[in-house]
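Spelled out from the first residue to the last, the chains are:
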Amino acid sequence: MSLDLARPELLEPRALIAGAWIAGQNRSDVTNPATGEVIAHAADLTAAEMRQAIDAAHDAGPAWAARTARERADILMRWHDLMLDNQEDLARILTAEMGKPIAEARGEIAYGASFIRWFAEEGRRVYGDIIPGHQPDKRIMVLKQPIGVVGSITPWNFPNAMIARKVAPALAAGCTFVGRPAESTPLSATAMARLGHEAGLPDGVLNIVTGSDSAGLGAELCRNPKVRKLTFTGSTEVGRILMRQCAQNITKLSLELGGNAPFIVFDDADLEAAVQGAIMAKYRNGGQTCVCANRIYVQDGLHDAFVERLGEAVAAMKVGPGLDETNQIGPLIDQPAMDKVQAHLDDAVGRGARLVAGGRRSDQGPLYFEPTVLADIQPGTRLLAEETFGPIAPVVRFHSETEVIAMANATEFGLAAYFYTRDLGRSWRVAEALEYGIVGLNTGLISTAEAPFGGVKASGLGREGSRYGIDDFLEIKYLCAAV
Ligand SMILES: NC(=O)C1=CN([C@@H]2O[C@H](COP(=O)(O)OP(=O)(O)OC[C@H]3O[C@@H](n4cnc5c(N)ncnc54)[C@H](OP(=O)(O)O)[C@@H]3O)[C@@H](O)[C@H]2O)C=CC1
Ligand SMILES: O=C(O)[C@H](O)CS(=O)(=O)O
């Protein structure tokens, strides 16, 4: 299929190892979820080739770490500029392989580039300490040094920004990087890598290993002693596998895992603001984000009006291929995702939920599901306990603040939570009581490079973005000098 790219060479099916583009012995088809068409035959590399990439990163490490932070920042800023100069091409490649509406894809490219800019700046402020000595002849110094080779495993739902959120702090800190993107969305990663090399990244500093053997490629990243840090975004289930595999070498880990975000609307909330916030928090990326509102709780006084307004707004959403600018909801990524959404709907309706809007597959194609609103959700419904990762909004009525906080916290997950109120005291009480790493108050959109993104409990370890995000790519060294 033609993507009408200004720079067709950005549609890069090969992997990148030590500055060389590698086609490999085998191929893995990349298909467009909107149409089922094959858009590229991507290099399907093996664990042996993953080892070559890790060796290349290891060999390139000392020279990259020896650059000044300013030199690394200058290259990263050129990369940032190239990402924005080629935003349309990168967005079209992203929508073609992942399905999200083109406007959201353009937004993701800008979001990804913002992490490269942010950490180009942060890398120049990796300060150490000089601490007054514990004895007259002792001086205590604290150095921060790059941890070394960083392995990265990223999901299909944000195939540009999830890599950018990891590679930017790693390279800014002086580390080198081996990224393994999801099999279904390798092209955003290779396009980014082409621009990174145009920006001046030396051979071996950035490596992208594409392939279908997710377990084998991942195991190599976890078990190879040259890899000193693994950073992962994806399901909690896979996060546990990686954590076990990394135990062998005590490899440092960052895990951005699954979520089950509550979205709470109190009686004193601004109704229209809460409806618009729920739409943003629920249906962004077709509901396929780890911080999507997974369950919506509305207090008695606003419940009926909220359900009616949300139903009206959702019924007006247009479903179709992401490259068509008029569509707000694109296809789900694959058949298993569709099966999960259908199973969650069937379970809820089977337990007595009331259908307010949507509730069926769209005639746009096999992977399209209409944005859906359900009310009268019964206790025990799967939608409340499991991350749907699709465009279904279950609305639950609640009576008291105490009751809803208990329901919101009754999950193994703790990534994002949202609540709407105009009461100052309630704002503090609820924000402090919610067991989540990220809380949105009167907003449904919380993600930005300036803020620390990450979860607690089964939603992961560590934070990405913000001034905290670079710490995970550094080692602290204490120097005790006798003078
Ligand atoms: N926190 C977040 O941002 C995200 C959370 N999720 C959650 O995960 C669920 C499933 O989504 P899905 O994309 O399948 O997530 P997965 O966790 O299965 O996949 C995420 C990444 O891990 C890779 N992977 C899968 N199995 C292994 C393994 N054994 N060793 C190493 N790497 C592996 C995948 O490769 P490949 O795809 O090629 O198999 C992909 O690159 C979603 O429903 C959602 O709940 C998903 C995406 C993002
Ligand atoms: O993995 C995800 O779902 C992203 O982290 C969501 S966000 O960063 O775009 O909010």
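Thresholds, definitions, all that
- Residues numbered from 1 in each chain as written.
- Chains lettered and ligands numbered in written order.
- Predicted model: local features only at pLDDT ≥ 70, side-chain atom pairs only at ≥ 80, totals over all residues.
- Heavy atoms only, no water.
- UniProt positions renumbered as here; feature names shortened; annotations may be inferred.
- Helix = DSSP H or I, 4+ residues; strand = E, 2+ residues; numbered from the N terminus.
- Buried < 20%, exposed > 50% of the residue type's maximum accessible area, 1.4 Å probe, protein only.
- Pairing = 2+ DSSP bridges.
- Axes fitted to C-alpha atoms, helices over the stretch in contact; angles between N-to-C directions.
- Parallel < 35°, antiparallel > 145°, perpendicular 65-115°, else oblique.
- Left-handed = near helix turned anticlockwise from the far one by under 90°.
- Contact = heavy atoms within 4.5 Å.
- Nonpolar A, V, L, I, M, F, W, Y, C, P; charged D, E, K, R; others polar.
- Core = buried A, V, L, I, M, F, W, Y, C linked by side-chain atoms within 4.5 Å.
- Domains from an automatic or database assignment.
- Expected span 1.5 Å × (residues − 1).
- Salt bridge = Lys/Arg side-chain N within 4 Å of Asp/Glu carboxyl O.
- Right-handed = clockwise from strand over helix to strand, strands pointing away.
- Phe/Tyr/Trp six-rings, centres within 6.5 Å; stacked < 30°, edge-to-face > 60°.
- Lys NZ or Arg CZ within 6 Å of the ring centre and 35° of its normal.
- Near = heavy atom within 4 Å.
- Polar contact = N/O pair within 3.5 Å; in protein donor to acceptor, adjacent residues only side chain to side chain.
- Areas by Shrake-Rupley, 256 points an atom, 1.4 Å probe, with all protein chains shown as cover.

**Student:** I tried to follow the UniProt feature "active site" (unreviewed entry) in the chain on my own but got confused; where do I start?
**Tutor:** With numbering matched to this structure, UniProt assigns "active site" (unreviewed entry) to Glu256. Looking at the element boundaries, Glu256 is found in strand β11 (residues 252-256). Of the residues examined, Glu256 reaches a relative accessible area of 2% and is grouped as buried.

**Student:** What's the story with the sheet that holds strand β6 (residues 138-146) in this structure? I'm lost.
**Tutor:** The strands that make up a sheet are held in pairs by hydrogen bonds between backbone atoms, and each pair lies either parallel or antiparallel. Spatial ordering of the open sheet is given by β5-β6-β20, a layout of 3 strands whose pairing is antiparallel. Single-partner strands in this sheet number two, and they are β5 (129-131) and β20 (474-482). For this sheet, the mean angle separating the axes of adjacent strands, direction not counted, is 20°. As defined by bridge partners, β5 adjoins β6 across 3 bridges and the pair is classed as antiparallel. Of the residues in β6, the one forming a bridge with Ile130 is Met141.

**Student:** What am I meant to see in the UniProt feature "domain: Aldehyde dehydrogenase" (unreviewed entry) in the chain here?
**Tutor:** Summarizing the sequence annotation, UniProt attributes the feature "domain: Aldehyde dehydrogenase" (unreviewed entry) to residues 21-478 in the numbering used throughout. For the annotated span residues 21-478, helix accounts for 40% and strand for 20% of the residues, and the straight-line distance between the end C-alpha atoms is 40 Å.

**Student:** Whenever I open this one, unusual backbone geometry confuses me. Can you help?
**Tutor:** Leave glycine aside and you will find that most residues have negative phi; peptide bonds, for their part, are mostly trans. Even without being glycine, Ala18 reaches a positive phi, approximately 55°. Secondary-structure assignment places Ala18 in the loop between β1 (15-17) and β2 (20-22).

**Student:** How should I be thinking about the packing of helix α7 (residues 214-223) against helix α8 (residues 236-246) in this particular structure?
**Tutor:** For any two helices packed against each other, the geometry comes down to the angle between their axes and how far apart the axes lie. Following both chains from N to C, one finds α7 and α8 inclined at 40°, their axes separated by 8 Å at the closest point. What the angle tells us is that α7 and α8 run oblique. The interaxial crossing formed by α7 with α8 has right-handed handedness. Seen from α7, the contacting residues are Gly218, Ala219, Cys222 and Arg223; seen from α8, they are Leu242, Gln245 and Cys246. Looking at side-chain class alone, the contact of α7 with α8 contains 4 nonpolar, 2 polar and 1 charged residues.

**Student:** It is not clear to me how the nonpolar core should be interpreted in this structure. Could you clarify?
**Tutor:** Ranked by size, the top nonpolar core spans 93 residues in total, and within it Trp79, Leu171, Phe177, Leu201, Leu206, Ile264 and Leu434 carry the most contacts. Here this core spans two domains, since at least three of its residues come from each of domain 1 (8-257 + 459-482) and domain 2 (261-447). Filtering out sequence-adjacent residues up to four positions away, Leu206 remains in contact with Leu16, Trp79, Val167, Phe177, Ala193, His197 and Leu201.

**Student:** Explanation requested: helix α3 (residues 87-98) in the structure shown.
**Tutor:** The α-helix advances 3.6 residues per turn, and as a result positions three or four apart in sequence lie on the same side. With 12 residues, α3 ought to run about 16 Å at 1.5 Å a step, and its terminal C-alpha atoms sit 16 Å apart, in line with that. Judged by how many residues are buried, α3 sits mostly within the fold: 10 of 12 residues are covered. Taken together, the buried positions of α3 are occupied by Asp89, Leu90, Ala91, Arg92, Ile93, Leu94, Thr95, Ala96, Glu97 and Met98. Lining the buried residues of α3 we find β3 (27-31), β4 (38-43), α2 (69-85), α4 (102-122) and α6 (187-199). Immediately downstream of α3, the backbone of Gly99 shows phi near 105°, a positive value.

**Student:** How should I be thinking about the pattern of salt bridges in this particular structure?
**Tutor:** Opposite charge on two side chains permits pairing when their charged atoms draw close. Within the structure shown, the criterion is met by 31 salt bridges. Across the pair Arg14 and Glu12 runs a salt bridge, and its minimum N-O distance is 2.8 Å. In this structure, the salt-bridge partner of Arg426 is Asp268, at a minimum N-O distance of 2.8 Å. Pair noted here: Arg426 is in helix α14 (residues 424-433) and Asp268 is in the loop between β12 (261-265) and α9 (271-283), with a separation of 158 residues, a long-range link. Residue classification places Arg426 among the buried positions, given a relative accessible area of 16%. Beyond isolated ion pairs, a larger network of salt bridges with shared partners links Asp4, Glu88, Arg92, Arg106 and Glu325.

**Student:** Help me understand the pairing of strand β18 (residues 438-441) in this model?
**Tutor:** Both faces of the sheet carry side chains from a regular strand, because those side chains alternate between them. Burial of the side chains of β18 is restricted to one face: Ile438 and Gly440 are buried, whereas none of Val439 and Leu441 on the reverse face is. Across 4 bridges, strand β17 (residues 416-420) lies against β18 in parallel orientation. What sits directly across from Ala417, in β18, is Val439. For the segment spanning β17, α14 and β18, crossover handedness is right-handed.

**Student:** What exactly am I supposed to notice about the environment of Gly61 here?
**Tutor:** Position of Gly61 relative to the elements: it lies in helix α1 (residues 47-66). You can call Gly61 buried: its relative accessible area is 15%. If near-sequence neighbours (up to four positions away) are discounted, Gly61 is found in contact with Gly174 and Thr176.

**Student:** Mind showing me how you'd approach the packing of aromatic side chains here?
**Tutor:** Scanning the model with the defined rule gives 5 aromatic pairs in all. The rings of Phe263, Tyr418 and Tyr420 are connected pair by pair, giving a single aromatic cluster. Taking NZ or CZ as reference, Lys100 lies 3.7 Å from the ring centre of Phe158, over its face. The ring of Phe473 is capped by Lys229, whose NZ or CZ atom sits 5.1 Å from the centre of that ring.

**Student:** Sorry, what's going on with the site of ligand 1 here?
**Tutor:** Of all residues adjacent to ligand 1, which total 24 residues, the nearest are Trp156, Arg180, Ser235, Leu257 and Glu387. At a separation of 2.4 Å, an oxygen atom of ligand 1 approaches a polar side-chain atom of Trp156. At 3.1 Å, a side-chain N or O of Lys340 approaches an oxygen atom of ligand 1. Coverage of ligand 1 by the protein chains reaches 82% of its 860 Å² of free accessible surface. For the shell around ligand 1, the element with the most residues is α7, which contributes 3 residues. Its residues assigned to classes, the shell around ligand 1 shows 11 nonpolar, 8 polar and 5 charged. Summarising the domain contributions, the shell around ligand 1 has at least three residues from each of domain 1 (8-257 + 459-482) and domain 2 (261-447).

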